[in-house]
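What the coordinates show
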Amino acid sequence: AQRVTQPEKLLSVFKGAPVELKCNYSYSGSPELFWYVQYSRQRLQLLLRHISRESIKGFTADLNKGETSFHLKKPFAQEEDSAMYYCALTPYGGYNKLIFGAGTRLAVHP
Amino acid sequence: EAEVAQSPRYKITEKSQAVAFWCDPISGHATLYWYRQILGQGPELLVQFQDESVVDDSQLPKDRFSAERLKGVDSTLKIQPAELGDSAMYLCASSLGSLNTEAFFGQGTRLTVV
């Protein structure tokens, strides 16, 4: 079964601390992995995707096929990073269908 | 900047009543998605259209839910009759194509069934 697991419902850190939001997936093929973010009172939007291999707003994520993980990292958290973060996958050939995890709320305190 | 539009933003309905949601995707986007997000969970795909055709409705409860995209542009999702368990956020999204393209989400419709 295709599944995305985000083990933490809430991650609370202080400004300037490193952040790692965990994401594990279950899929037998080669999925495409994404991180979506939802800031307060805003719509869900794409943060980054693994095929782009780029850093967005200081966030990076590396696909580890051996551990079936796609953790999101940022070395120094900012207060404006506070939001709901969702990990998602698209199965290969899956018509862009997104399978989401339950999400992790990141709270960055001053 | 073009955005996906949804209406209404909020809807309260009594159980056993009919309810409908509307979505207008970004102009030129061939693929349209309806997701349901229950409180505390991530969005779950209900139905996906490629132009006017349904390409995935495997998670759509077809005994009470229906969706259409008659001209391949805007779309309507209907529930009849509504049940208490249908209370959720209903999100519409669109993308240029069906492969490897970014999905853009609307603000959603918050449905409460009483």
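Look up: the structure comes first, before these words.
What you are looking at is a predicted structure, and each value in this text was computed from that prediction instead of being measured.

**Quick notes on the nonpolar core**
If you look at soluble globular proteins, the nonpolar side chains tend to sit buried side by side. If you look at the biggest cluster of nonpolar residues, it comprises 26 residues, and the most contacted ones within it are Trp35(A), Leu72(A) and Tyr85(A). The leading source of residues in this core is strand 9 (residues 83-90) of chain A, at 4 residues. Counting residues in each nonpolar core, the second largest holds 20 residues, with Ile26(B), Leu60(B), Ala82(B) and Val113(B) among its members.

**Section: unusual backbone geometry**
Cis geometry is adopted by the peptide bond preceding Pro8(B), which originates at Ser7(B) and carries an omega value of -10 degrees. Topologically, Pro8(B) is positioned in the loop between strand 1 (5-7) and strand 2 (10-13). A cis geometry characterises the amide bond from Gln80(B) onward to Pro81(B), with omega recorded as -5 degrees. Positionally, Pro81(B) belongs in the loop between strand 8 (75-79) and strand 9 (88-95). One non-glycine residue, Lys57(A), lies in the positive phi region at around 55 degrees. The residue Lys57(A) is located in the loop between strand 6 (45-49) and strand 7 (60-61) in this model. In this model, Ser16(B) sits at a positive phi of 80 degrees, which is unusual for a non-glycine residue. Locating Ser16(B) in the fold gives a position in the loop between strand 2 and strand 3 (19-24).

**Description of the interface of chain B and chain A**
Contacts between the two partners involve 24 residues from chain B and, on the opposite side, 17 residues from chain A. Roughly 1,800 Å² of surface becomes buried between chain B and chain A when both sides are summed, with 46% attributable to carbon and sulfur atoms. The interface formed by chain B and chain A includes 2 salt bridges. A salt bridge links Glu3(B) to Arg43(A); its shortest N-O distance comes to 3.4 Å.

**Details of the pattern of salt bridges**
All names here are of chain A. Across all of its chains, the model carries 9 salt bridges over all chains by this definition. Of the charged contacts, one joins Lys73 and Glu20 as a salt bridge, the two residues approaching to 3.7 Å between their closest N and O atoms. Here the residue Lys73 occupies a position in strand 8 (residues 72-74), and Glu20 occupies one in strand 3 (residues 19-21), the gap between them amounting to 53 residues. Judged by relative accessible area, Glu20 falls into the partly exposed class, the value being 29%. Within this structure, Glu20, Lys22 and Lys73 form a network of salt bridges that share partners.

**Here we look at the sheet that holds strand 7 (residues 65-68) of chain B**
All names here are of chain B. Spatially, the 4 strands line up as an open sheet ordered 1-3-8-7, and their pairing is antiparallel. The sheet is open, and its two edges are formed by strand 1 and strand 7, each paired on a single side. The sheet shows a mean angle of 15 degrees between the axes of neighbouring strands, taken without regard to direction. Pairing of strand 3 with strand 8, which is carried by 5 bridges, proceeds in the antiparallel orientation. Opposite Phe21, over in strand 8, you have Leu77 as the bridge partner.

Rules used throughout
- Residues numbered from 1 in each chain as written.
- Chains lettered and ligands numbered in written order.
- Predicted model: local features only at pLDDT ≥ 70, side-chain atom pairs only at ≥ 80, totals over all residues.
- Heavy atoms only, no water.
- Core = buried A, V, L, I, M, F, W, Y, C linked by side-chain atoms within 4.5 Å.
- Buried < 20%, exposed > 50% of the residue type's maximum accessible area, 1.4 Å probe, protein only.
- Helix = DSSP H or I, 4+ residues; strand = E, 2+ residues; numbered from the N terminus.
- Contact = heavy atoms within 4.5 Å.
- Buried area = accessible area lost by both parts, 1.4 Å probe.
- Salt bridge = Lys/Arg side-chain N within 4 Å of Asp/Glu carboxyl O.
- Pairing = 2+ DSSP bridges.
- Axes fitted to C-alpha atoms, helices over the stretch in contact; angles between N-to-C directions.

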